[in-house]
Amino acid sequence: MKKTVLLIAIPIVVILFSVCGLLITKNTTNRLIKEQNSEYEYYLDKTVYGTDVTSIIGKAVDENEKNNIQKNEKGHYIENDENSIKIEIKMLSNGKTYPMEEFYNNDITRFVQNFNLIKFKCTNIEYHKNTGKVKKLIFEETED
């Protein structure tokens, strides 16, 4: 009788611990994603200077490098639908939109020198469908 109870109880306890472990892991992962996203979501609909955009570009490049995101032949990061981050900057002066790599790969200090006092507004954030992590930010130069 005792052996039967033990044979039934042990698998139930193992299953309960496994389910609890999975829930804890999922909650931790979701919390980390929210924390990481909030660092970028802070800028949505806010006007910032070019120096701030430079810092955000540096952060995105660091994240892409840390996550081993591949680059294409132009040196632009290839979206992986998991954890890649792209930033696009739309300029009023010529109406063109540039990927962050254009500024980063061509001496980011020149961007700072030319646009440090220019204001930009983060107008859109996109997310990866698979993970819910930030995928792309779009900054537009403002007129003021």
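Residues numbered from 1 in each chain as written. Predicted model: local features only at pLDDT ≥ 70, side-chain atom pairs only at ≥ 80, totals over all residues. Heavy atoms only, no water.

S.K.: Report on the side chain of E63, specifying residues and quantitative values.
M.R.: Looking at where E63 falls in the secondary structure, it is placed in helix α2 (residues 50–66). Overall, E63 belongs to the buried group, its relative accessible area being 11%. Ignoring any residue separated from it by four or fewer positions in sequence, one finds E63 in contact with Q36, Y40 and I85. (Helix = DSSP H or I, 4+ residues; strand = E, 2+ residues; numbered from the N terminus. Buried < 20%, exposed > 50% of the residue type's maximum accessible area, 1.4 Å probe, protein only. Contact = heavy atoms within 4.5 Å.)

S.K.: Give a detailed account of the environment of K26, specifying residues and quantitative values.
M.R.: Summarising the element assignment, K26 is placed in helix α1 (residues 2–41). K26 gets classed as exposed once you look at its relative accessible area, which sits at 54%. C-alpha of K26 to C-alpha of E102: the two residues are 76 residues apart in sequence and 37 Å apart in space.

S.K.: Give me the pairing of strand β4 (residues 119–127): which residues, what numbers.
M.R.: Note that strand β1 (residues 47–49) and β4 share three bridges and pair antiparallel. Along β4, the bridge assignment pairs Y49 with K119. Direction of pairing for β4 relative to strand β5 (residues 134–141): antiparallel, over a ladder of seven bridges. Residue N124 lies in a different strand from β5, and its bridge partner there is I138. Counted along the chain from β4 to the antiparallel partner β5, the turn is six residues long, and its residue G132 has a positive phi close to 80 degrees. (Pairing = 2+ DSSP bridges.)

S.K.: Now, about the sheet that holds β1: what can you tell me, with residues and values included?
M.R.: The five strands lie next to each other as β1-β4-β5-β2-β3, forming an open sheet whose pairing is mixed. Each edge of the open sheet is held by one strand with a lone partner, namely β1 and β3 (97–99). When strand polarity is set aside, the average angle formed by the axes of neighbouring strands in this sheet is 30 degrees. In the sheet, strand β2 (residues 86–90) pairs with β5 via five bridges, with the strands oriented parallel. Following the sheet pairing, K86 is matched in β5 by K136. Against the sheet, α2 makes contact with β1, β2, β4 and β5, and its axis sits at roughly 90 degrees relative to β1, the strand it touches most. (Axes fitted to C-alpha atoms, helices over the stretch in contact; angles between N-to-C directions.)

Remember, this is a structural readout, not a statement about activity or role.
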